[in-house]
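Residues per chain, in single letters:
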Amino acid sequence: MQMNLTEREMTNRIVACGIRPSLQRIHIYRYLCNSTEHPTAETVYSALISEIPTLSRTTVYNTLKLFHKHNLVETITIENEELRYDADVDDHLHFKCNCCGAVSDIPYDGTAQVYKKFTQKLPSGFSLTKIQTCIWGTCSNCVSKEA
């Protein structure tokens, strides 16, 4: 989901997480906030290299890892061990189109109940920290192309 945040709001979120808001970090976070594609680190790098010619892949990977560590972004592994990033850290599901490969957010307000149910099913001493659900099918664009 695209997040409509101002530059100041993005910077404030970065600072609130205890992260120094460098030019590269702000650009990377802006790209994630404005993206609906749930990009990989390589996609982020390719998109920003023309804007920031001094940007390195290492900076992108390290920044994304830092953002994830501080819960500023979510990581999503949908298949093939391909790690994607999502700036929307609110609870939601992900849908991946089997035809075009697009990944979309699916709002879901039943997350609290799911967490409660799974927590009750865990063996004694286990602690639940995250549930990630992905759904596969055909997106509306691909369905309309097939018709």
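This text follows the structure it describes.
Since this is a predicted model, take the numbers as computed values, not measurements.

A short note on the side chain of Arg-25
Then step 1. Position of Arg-25 relative to the elements: it lies in helix α2 (residues 23–34).
Then step 2. Buried charge Arg-25 goes without a salt bridge, the closest partner of opposite sign being Glu-7 at 14 Å.
Then step 3. In this structure, Arg-25 is in contact with Ile-14, Ile-19, Arg-20, Thr-63, Leu-66 and Phe-67, ignoring residues within four places of it in sequence.

Points about the sheet that holds strand β3 (residues 92–97)
Then step 1. Across the sheet, three strands lie side by side as β4-β3-β5; this open sheet has mixed pairing. The outermost strands of the open sheet, each flanked by one partner alone, are β4 (103–107) and β5 (134–137). Between one strand and the next, the sheet's axes are offset by a mean angle of 30 degrees, whatever the strand orientation.
Then step 2. Pairing analysis gives four bridges linking β3 to β5, with the strands arranged parallel. Its bridge partner being in β5, His-94 is matched across the sheet by Cys-134.

A few points about the side chain of Asp-86
Then step 1. As for its placement among the helices and strands, Asp-86 is situated in strand β2 (residues 83–86).
Then step 2. Given the relative accessible area of 4%, Asp-86 is considered buried.
Then step 3. Reaching out from Asp-86, the side chain makes a polar contact with the backbone nitrogen of Asp-88 at a distance of 2.9 Å.
Then step 4. Asp-86 has contacts with His-38, Val-73, Glu-74, Ile-76, His-92, His-94 and Asp-105, leaving out every residue within four places of it along the chain.

Each value, and the rule that gives it
- Residues numbered from 1 in each chain as written.
- Predicted model: local features only at pLDDT ≥ 70, side-chain atom pairs only at ≥ 80, totals over all residues.
- Heavy atoms only, no water.
- Helix = DSSP H or I, 4+ residues; strand = E, 2+ residues; numbered from the N terminus.
- Buried < 20%, exposed > 50% of the residue type's maximum accessible area, 1.4 Å probe, protein only.
- Lys, Arg positive; Asp, Glu negative; His and termini not counted.
- Salt bridge = Lys/Arg side-chain N within 4 Å of Asp/Glu carboxyl O.
- Contact = heavy atoms within 4.5 Å.
- Pairing = 2+ DSSP bridges.
- Axes fitted to C-alpha atoms, helices over the stretch in contact; angles between N-to-C directions.
- Polar contact = N/O pair within 3.5 Å; in protein donor to acceptor, adjacent residues only side chain to side chain.

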